[in-house]
Amino acid sequence: MDIISKESLNRWLTDLMARYQVMAPVLVEGDHLFRPISSPDEIAWDYYNAVVPPKELIFPLTESLFTLEYQNGVPQFQEPVIDRDTVIVGLRPCDARAIAMLDASFLNDPVDTPYARRRALVTLVGWTCVSPEAPCFCTSIGGAPNGTEGLDVLMTEGIDGFFVRPVTEKGKALLTGAELKQTDATPPEPPPLPVFSTEGITEKLPDVFLSPYWQEQVESCISCKICTFLCPTCYCFDVRDRRDGESIERLRCWDSCQGAHFSRIAGGYNPRATKTARWKQFFYHKYLYYPERFGGVIACVGCARCVRKCPVNIDIREVIRDLKEGLPV
Amino acid sequence: MTVNITEQIQEKAREILSSGQVELIIGYQRASDGVTARPAFIRKAENVAKLIFDQTCTHNLAKYAIEHRGKSMAIVAKACDTFGINVLIQENQIIREKTYVIGVNCPGVVEVSFGQVGDKLQYRCQICQEHAPAVYDYVAGDPVEEKPLGFDPYIKVKVLEALSQEERIAFWEKHFERCIRCYACRNACPQCYCTECVVEQIDPDWVGIPIQVPEKQIFHVIRAFHLAGRCIGCNECERSCPVGIPLSLMNMKFSQDVEDQFGYKPGRDPEVCAPLATYQPDENLGIGG
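Think of each chain on its own: its residues are numbered from 1, step by step along the sequence as written. Chains and ligands are labelled sequentially in the order written, the chains with letters from A and the ligands with numbers from 1. Confidence filtering applies because this is a predicted model: local features only for residues at pLDDT of at least 70, side-chain atom pairs given and counted only at 80 or more, and all residues used for totals across whole chains, interfaces and linings.

### Topic: the overall build of chain A
Next up, step 1: Broken down by element type, chain A carries 10 helices and 12 strands.
Next up, step 2: For this measure, only C-alpha atoms enter the radius of gyration; the expected value for a globule follows 2.2 Å times N^0.38, where N is the number of residues. Relative to a compact globule of 329 residues, whose C-alpha radius of gyration would be 20 Å, chain A shows 22 Å and is just as compact.
Next up, step 3: Across its three principal axes, chain A shows a C-alpha extent of roughly 65 × 60 × 40 Å.
Next up, step 4: Burial is judged by counting other C-beta atoms within 10 Å of a residue's own C-beta: 20 or more means buried, 12 or fewer means exposed, and anything between counts as partly exposed, with every C-beta placed from the backbone. When each of the 329 residues of chain A is scored for burial, the buried share is 40%. Each helix is a run of DSSP H or I of at least 4 residues and each strand a run of E of at least 2, with the numbering of both proceeding from the N terminus.

In structure tokens form, the structure reads like this:
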């Protein structure tokens, strides 16, 4: 296996910055977030995970789809230019796996053009999780702290530097020029996480849709959007036009099934008028609807952001446990 | 001897549920991390053993009273939470007669996050000078001695006020840059109860959907204005914020202004409405003749 010293890694990153936009976890007012960096010194090497997942770099919170502007009475149509080669450094394997899940949704027919453009320009260099935190459950749901799905390169921190594992051809190409050294040593194994079974959850869900359990479980929900916005696999958006004088811009922005008006339709009817219906949508989308469409894969990577950040402690792991035990019908 | 607040709450809850006086107890239970607290909704006397109270009970449960309005319910409320209940009574959002308040003489709550209990009181509790509930049907816990603070409770606001306008704009833009418009601040707030928030209205589309600094600024400033003289300082907005925006600074600034100009603190007296939410025909607005 190859290994790169911290100094060489810094040199490689500095070199990349000349050709790519490099995004990495940085400390912003006490929280870790992915931001463009201009020096490796800005990287929060010892970070645990970013509060907002790196999906925001490929599927931005707000993006312009096009603008229409009248010039001398003639409407001019303009699409935004997406041409910046980007390297995302330091994302965790759970978040890379989540990007692979977003790919399934955005890159399948019909292809989502802005997503596809951004995605093609991005190379993902992940870091193995060396100290996953308490509520994490990637290993219970098909992932691993050193998983490679979705990544182009996986790096694992060791005593003498970072073990480097190219995963794709794109990753191999990115490493050209990096001062790699052959080593007989093997990367350290990540510490084990408590594992619970999620097997059979998808199959159980159709029968318990009307269970009184859901209302009881989410009675404390305040219908904020934290669980969905911080979820690396959530991808709902809203589209609206913004007019400014003679110019109109069509925007696409993150939206969330937890918002009270998300499902409201013309005429005012809201098929998901209660928070129970809305939270159930969040869970069912990940554990039933997505697997039904995309080869049985559960759209949850166990990053536990929803667990950690829910203001009222609605814990998806409890729901999985209760489902395994069987819900009242 | 100090009383056991948890036992007092459980006993009272059992009594009023068994007698049929209330159909629902909104209190606290242990969270899934085993160390912090989360809201609990108890409807049967045999479940009251779930209820707890300790210094991790940070949530302002008055929030839930609104969605259960009309039901006979009991709410476990710390001193500041009772101010929130009073505001809701003033504003006709809940019915006093149907709301049994299990007040708590509050020792203050500590900083909490998932799986973590801090050893420091939350800042709002460090500056708290009213530990006894303002409205209650029963009080749990021993009275907490009110000690002089020894420092200005608005010191953080004054530090910010001392900056130039440009510096203050830069301060807030820096923080709003990371806001994701998740509305956790608004939805955790017992005083934010509009059925349709102005920033989410579609027709007319006042603010729009962009998650960008101007829209975020408008949202936070509108919310602060709407809370002026109504915010009771529970600071659940700031605690709920996933990206740590210091919303308390904005709310404290407005509270200080209302206190200075009207000598008013919200929620202390259920009969007296917030100055900015009241109009009297004979009042001098300083306009016209």
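On we go from here.
### Points about the overall build of chain B
Next up, step 1: Broken down by element type, chain B carries 10 helices and 7 strands.
Next up, step 2: With respect to the principal axes defined by its C-alpha atoms, chain B has extents near 55 × 45 × 45 Å.
Next up, step 3: With 289 residues in all, chain B has 42% of them scored as buried.
Next up, step 4: The long-range share in chain B, meaning contacts at least 24 apart out of those at least 6 apart in sequence, stands at 68%. Any pair of residues counts as being in contact when their C-beta atoms, constructed from backbone geometry, are within 7 Å of one another.

### Here we look at the sheet that holds strand E7 (residues 138-140) of chain B
The strands making up a sheet associate through hydrogen bonds between their backbones, and the pairing can be parallel or antiparallel.
Residues and elements named next belong to chain B.
Next up, step 1: Spatial strand order, E2-E1-E3-E4-E7: 5 strands in an open sheet with mixed pairing. A single partner strand is all that each edge strand has here, and the edge strands are strand E2 (37-42) and E7. Each adjacent strand pair in this sheet contributes to an overall mean axis angle of 30°, direction not counted.
Next up, step 2: Strands pair, by our definition, only if DSSP identifies at least two bridges between them. Pairing analysis gives 6 bridges linking strand E3 (residues 73-78) to strand E4 (residues 99-104), with the strands arranged parallel. Angles shown run from 0 to 180 degrees and are taken between the N-to-C directions of axes, each axis being a line fitted to C-alpha atoms and, for helices, limited to the stretch in contact.

### Observations concerning the interface of chain B and chain A
How large an interface is tends to be reported as the accessible area lost when its parts come together.
Next up, step 1: Taken together, the 27 residues of chain B in the interface contact 35 residues of chain A.
Next up, step 2: A class-by-class count of the residues in the side of chain B that touches chain A yields 14 nonpolar, 9 polar and 4 charged. As a working rule, the residues Ala, Val, Leu, Ile, Met, Phe, Trp, Tyr, Cys and Pro are called nonpolar, Asp, Glu, Lys and Arg charged, and the rest polar, with Gly in that last group.

### Structural notes on the sheet that holds strand E2 (residues 21-28) of chain A
All names here are of chain A.
Next up, step 1: The 8 strands lie next to each other as E3-E2-E6-E7-E8-E9-E1-E10, forming an open sheet whose pairing is mixed. At either end of the open sheet lies a strand with only one pairing partner, and these are strand E3 (31-36) and strand E10 (181-182).
Next up, step 2: Here E2 runs beside strand E6 (residues 86-91); their pairing, made up of 3 bridges, is parallel. By the bridge assignment for E6, Val-22 is matched with Val-87.
Next up, step 3: Contacting E6 and strand E7 (122-127), helix H2 (residues 93-107) runs over the sheet at an angle of about 150° to E7.

### Things to note about unusual backbone geometry
Next up, step 1: For the peptide bond that leads from A:Asp109 to A:Pro110, omega is 0°, which places it in the cis range.
Next up, step 2: Looking at the secondary structure, you find A:Pro110 in the loop between H2 and helix H3 (113-120).
Next up, step 3: Note that the residue after B:Asp203, namely B:Pro204, is joined by a cis bond; omega there is 5°.
Next up, step 4: Phi angles above zero are rare outside glycine, and A:Ala304 is one such case at about 65°.
Next up, step 5: With respect to the helices and strands, A:Ala304 occurs in the loop between helix H8 (275-293) and helix H9 (305-309).
Next up, step 6: Although it is not a glycine, B:Tyr183 adopts a positive phi angle of roughly 65°.
Next up, step 7: Tracing the backbone shows B:Tyr183 in the loop between helix H6 (165-176) and helix H7 (184-188).
Next up, step 8: Residue B:Tyr183 is classed as buried on the basis of its C-beta count, with 27 C-beta atoms lying within 10 Å.

### Details of H2(A)
Residue and element names in this part refer to chain A.
Next up, step 1: To estimate how far a helix should reach, multiply one less than its number of residues by 1.5 Å. Counted at 1.5 Å a residue, the expected span for H2 with its 15 residues is 21 Å, and the 20 Å between its end C-alpha atoms agrees.
Next up, step 2: Among the residues of H2, those classed as buried are Pro-93, Cys-94, Asp-95, Ala-96, Arg-97, Ala-98, Ile-99, Met-101, Leu-102 and Phe-106.
Next up, step 3: Where H2 is buried, its residues meet E6, H3 and E7.

### Topic: the pairing of strand E6 (residues 116-121) of chain B
Residue and element names in this part refer to chain B.
Next up, step 1: As judged from the 3 bridges shared by strand E5 (residues 110-113) and E6, these two strands associate in the antiparallel manner. Bridge pairing in E6 links Ser-113 to Gln-116.
Next up, step 2: Linking E5 back to E6 in an antiparallel pair, the connection comprises 2 residues, with Gly-115 at a positive phi of about 75°.

### Points about the packing of H2(A) against H3(A)
Residues and elements named next belong to chain A.
Next up, step 1: It is at 9 Å that the axes of H2 and H3 come closest, and there the two elements cross at 140°. When the axes of H2 and H3 are compared, the pair comes out oblique. Along this stretch, H2 crosses H3, giving a crossing that reads as left-handed. Every residue of H3 that contacts H2 at Asp-103, Phe-106 and Leu-107 is listed here: Tyr-115, Ala-116 and Arg-119.
Next up, step 2: Taken together, the residues of the contact of H2 with H3 break down into 4 nonpolar, no polar and 2 charged. Should an angle lie under 35 degrees it is considered roughly parallel, over 145 roughly antiparallel, and from 65 to 115 roughly perpendicular; all remaining angles are considered oblique. By definition, any crossing whose near helix is turned counterclockwise from its far helix by less than a right angle is left-handed, and any crossing with a clockwise turn is right-handed.

### Comments concerning the domain arrangement of chain B
All names here are of chain B.
Next up, step 1: An automatic or database domain assignment supplies the residue ranges for each domain. One can read the domain layout of chain B as domain 1 (5-140) and domain 2 (155-277).
Next up, step 2: Each side of the interface is counted separately: domain 1 has 20 residues, and domain 2 has 17 residues.
Next up, step 3: Residue contributions to the side of domain 1 that touches domain 2 peak at 9 residues, all from helix H3 (residues 79-90).
Next up, step 4: Across the side of domain 1 that touches domain 2, the residue classes break down as 9 nonpolar, 8 polar and 3 charged.

### Notes on the packing of helix H8 (residues 213-227) of chain B against helix H10 (residues 247-262) of chain B
All names here are of chain B.
Next up, step 1: The interhelical angle for the contact between H8 and H10, taken along N-to-C directions, is 35°, at an axis separation of 9 Å. Considering the relative orientation of H8 and H10, their crossing is right-handed. Facing H8, whose interface residues are His-220, Ala-224 and Leu-227, H10 presents Met-250, Asn-251 and Phe-254.
Next up, step 2: Taken together, the residues of the contact of H8 with H10 sort by class into 4 nonpolar, 2 polar and no charged.

### Here's the deal with the pairing of E7(A)
Residue and element names in this part refer to chain A.
Next up, step 1: Taking burial as the measure, the 6 residues of E7 include 6 buried ones, the bulk of the element.
Next up, step 2: Burial of the side chains of E7 extends over both faces: Val-122, Leu-124 and Gly-126 are buried on one face and Thr-123, Val-125 and Trp-127 on the other.
Next up, step 3: Pairing analysis gives 3 bridges linking E7 to strand E8 (residues 153-158), with the strands arranged parallel. The partner of Val-125 across the bridge, within E8, is Val-153.

### Section: the environment of A:Asn10
Next up, step 1: As for its placement among the helices and strands, A:Asn10 is situated in helix H1 (residues 6-19).
Next up, step 2: Separated by 275 residues in sequence, A:Asn10 and A:His285 have C-alpha atoms that sit 41 Å apart.

### Here we look at the environment of A:Pro166
All names here are of chain A.
Next up, step 1: Within the secondary structure, Pro-166 is located in strand E9 (residues 161-166).
Next up, step 2: With 20 C-beta atoms counted inside 10 Å, the residue Pro-166 sits in the buried group.
Next up, step 3: Spatially, the C-alpha atom of Pro-166 lies 16 Å from that of Leu-16, the residues being 150 residues apart in sequence.
Next up, step 4: Contacts of Pro-166, omitting those with residues within four sequence positions, involve Val-153, Gly-171, Lys-172 and Leu-175.

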